[in-house]
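Examination of the molecular architecture
Each chain, written out:
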Amino acid sequence: GPAVVCTSAAALVLAAPWLAEQHIRTAASSWPADPGRALALLDRARRLDPLTAEADLAAGVIASRRGDVAGMRAAFGRAVERQPSNWFAHLELALGAAESGDRGLALAHIRRARSLNPRDGTLKEVENALERREQVDRRALEDRFVERVRSLSR
């Protein structure tokens, strides 16, 4: 009856974000061996949990690591649509825009990232470099953030 339907619906609502998180974890650990499968898992995660940007953030990082600037910009663009206050997505969009030669868009995104995370000195460094029209090493910058996250989780 109605109780079974409500219970089943509640179970699905609670299971979907958990399953999405499992897909994201699997994709994050397996993408070097099978990037196509990883991106498919992230697409599935995005559909399972449409309220977060986590799948798009992971897809953006994977695209960046693969040198796929267009894929990176698309994924981080979706992340910003879902979570406009995500400073990391704005940083990555700034880096992608800079690589594509769109300095105005790059500056807009880095300034938005800084407004969302004003105490991060690295963001100020990136903004200064973009203002001086200097090249920013996206890979080195991402490595710096990955190391920072690792040190916080120890």
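Conventions and cut-offs
Residues numbered from 1 in each chain as written. Predicted model: local features only at pLDDT ≥ 70, side-chain atom pairs only at ≥ 80, totals over all residues. Heavy atoms only, no water. Core = buried A, V, L, I, M, F, W, Y, C linked by side-chain atoms within 4.5 Å. Buried < 20%, exposed > 50% of the residue type's maximum accessible area, 1.4 Å probe, protein only. Helix = DSSP H or I, 4+ residues; strand = E, 2+ residues; numbered from the N terminus. Contact = heavy atoms within 4.5 Å. pLDDT = per-residue confidence, 0-100. Salt bridge = Lys/Arg side-chain N within 4 Å of Asp/Glu carboxyl O.

Attention now goes to the nonpolar core. Grouped together as the largest cluster of nonpolar side chains are 25 residues, with contacts concentrated most on Leu91, Ile110, Val126 and Leu130. Broken down by secondary-structure element, the contributors of at least two residues to this core are helix H3 (54-65), helix H4 (69-82), helix H5 (87-99), helix H6 (103-116), helix H7 (121-131) and helix H8 (138-152). Top contributing element to this core by residue count: H5, with seven residues. Aside from chain neighbours lying at most four places away, what touches Leu130 is Ala94, Ala98, Arg103, Ala106, Leu107, Ile110 and Val136. The next biggest cluster of nonpolar side chains, apart from the first, holds twelve residues, and it includes Ile24, Leu41, Ala45 and Ala59.

Moving on, we get to the confidence of the model for the chain. Model confidence for the chain is summarised by a mean pLDDT of 87, while 88% of its residues fall at 70 or above. Mean pLDDT in the chain bottoms out at helix H1 (residues 2-30), which sits at 72, and peaks at H6, which reaches 97.

Bringing the pattern of salt bridges into the picture now. With the rule as written, the count across this model stands at twelve salt bridges. A salt bridge links Asp56 to Arg82; its shortest N-O distance comes to 3.4 Å. Of this pair, Asp56 sits in helix H3 while Arg82 sits in helix H4; the two residues are 26 residues apart in sequence, bridging distant segments of the chain. Note that Glu134 and Arg132 form a salt bridge whose closest N and O atoms lie 2.8 Å from each other. Exposure remark for Glu134: the relative accessible area of 37% places this residue in the partly exposed category. Salt bridges here are not isolated pairs; linked through shared partners, they connect Asp43, Arg46, Arg47, Asp56, Arg78 and Arg82.

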